Amino acid sequence: MRISWKWLSEMVDLGKLAGPQALADLLTSRGLEVESIEPQSRGLEKVITAQILEKSQHPQADRLSVCMVTIGSGEPVQIVCGAQNMKAGDKVALAQPGANLPNGLKIEVSKIRGVQSNGMLCSEEELKFAEISDGILILPADAGLGVPLANTLGKDDVILTLKLTANRGDCLSHWGIAREVAAALSVQPKRPDVKLLDFTKTSPVAIELKAGDAAPQFFGCLIEGVRIGPSPDWLVKRLEALGSRSINNVVDASNLLMLELGHPTHAYDADKIHGNLIGVRAAREGEELPLLDGQTATLNGTELVIYDGERAVGLAGVMGGGNSEVAASTTRVFLECAEFDPVRVRRAAFRHQRRTEAAIRFEKGIDPGALPYVTSRLAQLITSLGGGKVVGAGAAIQPVRREPAGRKIVVEPGFFESFLGMKVSSDKAESVLKGLDCSIQKGAREWTVTPPSYRLDIASREDLSEEIARSLGYDQIAETIPELSSAPTSVSSSPSLSRQVLTERAKDILMQSGLNETLNFAFTSKSWLSRFGMSSSATLLNPLSEEHEALVPSLIPGLVKNTLETWNRHFGSESPAIRLFEIRPAFRFNGDGEASIRALDELRTGVDERWRIAVALSGARFAGGLSNEQGQCDFYDLKAVMESLLTGLGVRGVRIQGLSSGRTHPDPDMQAFRELLHPGKSAEVLVGKDVAGYFGLLHPGKSRELKAQAPLWLAELSWDVLAQLARPATEARPFQRWSEFPPMERDFALLVSEEVTADKITQLALKAGKPLAKGARIFDIYRGSQVPQGMTSVAVRVIFYEESRSLQESETEAASARILEAWKKELGAELRS
Amino acid sequence: MVEKLNAIGAGALKDVSAASTLEAIEQIRISVLGKKGALSEVLKTLGSVSAQERPVIGAAANEWKRKIEAALDERKSVLEKAQLDEQLKSERIDVSLPSRLPHRGSLHPVTQTFRRINQIFSRLGFDTATGPEVETEFLNFEAANIPADHPARDMQDTFFMGPGVVLRTHTTAVQMRAMRSQKWPVRILSPGAVYRSDSDATHSPMFHQVEGLWVDRDVKMSDLKGTLLFFAREMFGPEARIRLRPSYFPFVEPGAEVDVSCFLCRAKPSDSCRVCKGTGWLEILGAGMVHPRLFETAGYGDDYRKLGLSGFAFGMGVERIAMLLHGIPDLRLMFQSDVRFLKQF
């Protein structure tokens, strides 16, 4: 909201303040934030009045003229000017060298087509007095010379722009701000003296209220003999300075009143009110109402309308009707000053996309106690601007408003000090509250405080505390550290805290694997998901764009997008390695069939959040090194990341194996990911019989389709499942003994069918070689011309030891024989000669 | 015979000192000391020598053997050293070639900032609590004293998922859940992703918040101030100061905007300060005393008054703090997954 320093100073003595900046600081310190201070003279500092002595044609340019101007003293100044509308003798606005005009133009001495110009004669456009203008500004003949233009034109006000919080509807006017400033400066504010009209008589236009509590009061007044015409200059300027546009004297009076007192009102052409009746009722469904802005609103029945004997004549609290507006021919004016339900006004304004200044004020609540004054003040303004005479006034008031406004707050005066943690004597509290127009009834121990009718936001003792704190200054509040009255929650007893610790641990492990954590938006486009055979069951009703319409069912589409974007950025011939990980929820709505998302109760939405760990890997294995040494990441690099994660977290009972054929994952989003993977170069992470996730190579078909530049290795695991199986956050990693006695090793060269996987060989060795065989490792494999088709040569090393003693050669031999026998029997392996 | 030994010995020592290769040394060792070497050959004839002479000759032979061996060893080590020196002259690697540097992993600045904030508040006794990102409108708004059709709804542009279901606009709902389940005392910090339908250089439709809530008997506004001052000093340095300005958030009363003194120019404003843009202060937090209506919607009934319960709450944007600390110029960088960005932290 914009506030005029000059206007404000008519309502409250600002003499105690050094200037607009001090006012801004004061308001901000009281919670009314001032965003900007704008002197109207900004940009006009070096613009002064001057008179053209002589105008002649520019010797080099037909469209330019050369003027000799005087500023009343000193030598005449030569100015080159492109406008045509001036003549010798005209008073004009001269921008002198050094001027920095409101439109951003900087004025310097210059040569224009060979002729020196010592400044510029300004147009209204350049001075930002008008959007466009034709020719330069010609000032009135009586303007003094050499005077700052701002003074000549009365642009000597300062406009403050306030960013008001939603609770302070009472400050949406100059009077509202004046009250605040007066309370802060301990002075009396003064509003215009008005003789109150008599509203106890029957209204000359009958007033009805048929909307219950939604329209509790309606004050009206009829003025006859009004002459509609342009507003006087001061009024036009005041409205324009505050961001409003002049229409005619009656409409301007209503707008000025709103800026003055904060109460929206409306003036009707009384001759267009049919049936000599006006009232407030709920709109009818489908009812049409022509509005002031020339469009017709179709109402749905939830709005409040103003009606006359025949039809709706206004959208209550939002905008007047086009069928009853004041026009040039109007002589009889009926004034409406009413109170409407904030919620009904707000909904109507949103529904009809007209958040007018009136609606903004009504939805925040107007002062229900001020209607007689406001109506009288409006009548005074209109009769002073347009003539005419008040012929009658009246009011309709619902029972709810016949009671005196009564939000009585009971509070012990000591509460303020103990609640705020600052020194507040009861005298101080009393003077602050009274300064804010609260009335106080003192009881033996308690006070009963009644806030003024305009402070709808004060309803509790905490609200009163805020008034006191902001009046005395938040800087007066002490700084204390609260005491713990109970022990903090222990991680070991809280699954939620334990899970958080594990999540951070997982991030650390992945970081140590040389991965970069990323964060993607939780939403993406449906079309992007469909590229991955995925669909979102959780979509937004009002997304910012299609790019943000669906919550992600998997983290994979995001990581793939990151990868493609990285490849598409320009890094020269070498794309950086992709090493991304993300731990975030994937979303799925669990409604059956046709069901759509809705709140199930106060706490549940039916949308599941399934936490995932996802990894994308591609490119060079090392950050440094020569190209031939680096190598490109492959399956075993990704497997290393997975194994580091699983062992680092101490996840129990997991197994990594190739994708089992013909098996589908019960979670459709996990299954969709499985189908994105190369069937032979991917693995599943098994937990018991369940699959916790998959990792492997992006399917070559998909890779081609997405124009991937390199093989992309992807992983997605259910973090919910893994976290369950991880070593609990508070459990220490157990120490593992090793043998002090030297191990014995036996190397075997086996010939096995290609079908036999490495883990079968090693597991069998450990099983058959029990208890001496403690480790088994594949250290080489070979397929090719030296071995028969369909076979693999595998080199295995088995390690034997006992923790408590040295082994005899014969013991190892016996164990080795058992192992070989088992390999032969169960895997069809043969020892290679 | 002794003369013969002396001649062999002297000749051998001369040969040793003249030897220039390790092979020559080995050759001398064999030709003199070997089984068929000159010295051995002489000693084989020892049987023909008289018993008196025998010890004398034996001692002389051993003496020569020792001398020759010592000479051989010495010469050998000299030659070996020379050979190594020669070898080292040709053995050079270019230490300036690139190392086989592993990839350096990184945590997102949001994660790192979360961790610092969590650590600071956990020292004061706050527990971390989390909750769903898809939230009921009731918990996100109504329970936080922001009823439908209230002007305060304008403060948070909301993504809706369905009737009564929103993407949470703040993590206040987590606090509401905690108050419902824990009753009191409540001391929680709720970090997490939040959503508002706004997107430009300073607004992101998804961003992260940390909110704090402390409910207990006789909690004062000075406790809020002290807590936030502790936070500011831990986060921004021991000289940090805070400034509270009255403001309005529907879930607190009194409410405040909290500024922290600029950690770069230390509140000695200069127009050129890249962090505070010359104001000396950074708007970082919103805070206040828990609005009594929250106790009511949390199911405390009227008990909170009888018990003397009160509380404070605060909230801050994590990206904003991360941007200030790291000097990140544009919020959007946080969510673009550009490796040049991610790798820096």
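Residues numbered from 1 in each chain as written. Chains lettered and ligands numbered in written order. Predicted model: local features only at pLDDT ≥ 70, side-chain atom pairs only at ≥ 80, totals over all residues. Heavy atoms only, no water.

1. Concerning the overall build of chain B
1) Next: Within chain B one finds twelve helices and ten strands.
2) Next: Rg of the C-alpha trace for chain B: 43 Å, well past the compact-globule value of 20 Å for 345 residues, more than 25% over.
3) Next: Looking at chain B residue by residue over its 345 residues, the buried ones come to 55%.
4) Next: Here the analysis covers contacts within chain B between residues at least 6 apart in sequence; of these, 68% occur between residues at least 24 apart.
5) Next: Counting every atom, chain B has about 15300 Å² of accessible surface; 53% of that belongs to carbon and sulfur. (Helix = DSSP H or I, 4+ residues; strand = E, 2+ residues; numbered from the N terminus. Rg over C-alpha atoms; globule rule 2.2 N^0.38 Å. Buried < 20%, exposed > 50% of the residue type's maximum accessible area, 1.4 Å probe, protein only. Contact = heavy atoms within 4.5 Å. Areas by Shrake-Rupley, 256 points an atom, 1.4 Å probe, with all protein chains shown as cover.)

2. Thoughts on the side chain of Arg 281 of chain A
All names here are of chain A.
1) Next: Inspection of the secondary structure assignment puts Arg 281 in strand 15 (residues 277–282).
2) Next: Since its relative accessible area comes to 9%, Arg 281 is described here as buried.
3) Next: Discounting residues that sit within four places of it in the chain, Arg 281 has contacts with Lys 210, Ala 211, Glu 287, Glu 303, Leu 304, Val 305, Tyr 307, Arg 311 and Ala 312.

3. A short note on the sheet that holds strand 22 (residues 389–397) of chain A
Whether parallel or antiparallel, the strands of a sheet pair through hydrogen bonds between backbone atoms.
Residue and element names in this part refer to chain A.
1) Next: As summarised here, the arrangement of the four strands in space is 14-21-13-22, forming an open sheet in which the pairing is antiparallel. Whereas interior strands pair on both sides, the edge strands pair on one side only; in this sheet they are strand 14 (266–269) and strand 22. Adjacent strand axes in the sheet meet at a mean angle of 20 degrees, parallel and antiparallel pairs treated alike.
2) Next: Strand direction decides the pairing type here: strand 13 (residues 217–224) and strand 21 (residues 333–339), joined by seven bridges, are antiparallel. Paired with Gln 217 across the strands is Glu 339, a residue of strand 21.
3) Next: Contacting strand 13, strand 21 and strand 22, helix 9 (residues 371–386) crosses the sheet at an angle of about 20 degrees to strand 13. (Pairing = 2+ DSSP bridges. Axes fitted to C-alpha atoms, helices over the stretch in contact; angles between N-to-C directions.)

4. Overview of the pairing of strand 10 (residues 309–317) of chain B
Residue and element names in this part refer to chain B.
1) Next: Burial analysis of strand 10 places eight of its nine residues in the buried class, the great majority of the element.
2) Next: In this sheet, strand 10 lies alongside strand 9 (residues 281–290) in antiparallel orientation, the contact comprising five bridges. Counterpart to Met 289 in the pairing with strand 10 is Phe 312.

5. What to know about the pattern of salt bridges
1) Next: Under the counting rule described, the total for this entry stands at 73 salt bridges over all chains.
2) Next: In this structure, a network of salt bridges that share partners links the residues Arg 30, Arg 168, Asp 170, Glu 180, Arg 455, Asp 457, Glu 467 and Arg 470 of chain A. (Salt bridge = Lys/Arg side-chain N within 4 Å of Asp/Glu carboxyl O.)

6. A closer look at the sheet that holds strand 36 (residues 773–782) of chain A
All names here are of chain A.
1) Next: The sheet built from four strands is open, its strands ordered 36-37-35-38 with antiparallel pairing. Bordering the open sheet on either side are strand 36 and strand 38 (830–831), each of which pairs with just one other strand.
2) Next: With ten bridges joining them, strand 35 (residues 744–753) and strand 37 (residues 791–800) adopt antiparallel strand pairing. Within strand 37, the residue paired with Asp 747 across the bridge is Arg 797.
3) Next: On the sheet, helix 22 (residues 758–768) packs against strand 35, strand 36 and strand 37 and is oriented at approximately 150 degrees with respect to strand 36.
4) Next: Relative to the sheet, helix 23 (residues 809–827) contacts strand 35, strand 36, strand 37 and strand 38, its axis offset from that of strand 35 by approximately 15 degrees.

7. Examining the packing of helix 22 of chain A against helix 23 of chain A
When two helices pack together, their arrangement is given by the angle between the helix axes and by the axis-to-axis distance.
Residue and element names in this part refer to chain A.
1) Next: Where helix 22 contacts helix 23, the two axes come as close as 9 Å, and the packing angle between them is 135 degrees. Taken together, the axis directions place helix 22 and helix 23 in an arrangement best described as oblique. The element helix 22 and its partner helix 23 pack so that their crossing is right-handed. Judged by residue contacts, Lys 760, Ile 761, Leu 764, Ala 765 and Ala 768 of helix 22 engage Arg 818, Ile 819, Ala 822, Trp 823, Glu 826 and Leu 827 from helix 23.
2) Next: Residue composition of the contact of helix 22 with helix 23, grouped by class: eight nonpolar, no polar and three charged. (Parallel < 35°, antiparallel > 145°, perpendicular 65-115°, else oblique. Left-handed = near helix turned anticlockwise from the far one by under 90°. Nonpolar A, V, L, I, M, F, W, Y, C, P; charged D, E, K, R; others polar.)

8. Considerations on unusual backbone geometry
1) Next: Looking along the chain, the bond that leaves Lys 770 of chain A and enters Pro 771 of chain A is cis, with omega of -5 degrees.
2) Next: Within the secondary structure, Pro 771 of chain A sits in the loop between helix 22 and strand 36.
3) Next: For the bond from Glu 253 of chain B to Pro 254 of chain B, the omega torsion is -5 degrees, close enough to zero to count as cis.
4) Next: Inspection of the secondary structure puts Pro 254 of chain B in strand 8 (residues 252–261).
5) Next: Its identity is not glycine, yet Ser 337 of chain B carries a phi of approximately 55 degrees, on the positive side.

9. Some details on the domain arrangement of chain B
1) Next: For chain B, the assigned domains are domain 1 (2–90) and domain 2 (109–342).
2) Next: Relative placement of domain 1 of chain B and domain 2 of chain B: their C-alpha centres are 91 Å apart. (Domains from an automatic or database assignment.)

10. Quick notes on the packing of aromatic side chains
1) Next: Under the criterion given, the structure shown has 27 aromatic pairs over all chains.
2) Next: Between the aromatic rings of Phe 121 of chain B and Phe 231 of chain B, the centroid separation amounts to 5.0 Å while the plane-to-plane angle is 20 degrees, which identifies the pairing as stacked. One end of the pair, Phe 121 of chain B, is in helix 5 (residues 109–123); the other, Phe 231 of chain B, is in helix 8 (residues 221–236), and 110 residues separate them in sequence.
3) Next: Judged by relative accessible area, which is 0%, Phe 121 of chain B ranks as buried.
4) Next: Under the relative-accessibility criterion, Phe 231 of chain B is labelled buried at 0%.
5) Next: Connected via pairs of aromatic rings, a cluster forms that spans Phe 121, Phe 126, Trp 214, Phe 231, Phe 236, Phe 263, Phe 312 and Phe 314 of chain B.
6) Next: Lying over the aromatic face of Phe 129 of chain A, Lys 155 of chain A brings its terminal NZ or CZ to 4.7 Å of the ring centre. (Phe/Tyr/Trp six-rings, centres within 6.5 Å; stacked < 30°, edge-to-face > 60°. Lys NZ or Arg CZ within 6 Å of the ring centre and 35° of its normal.)

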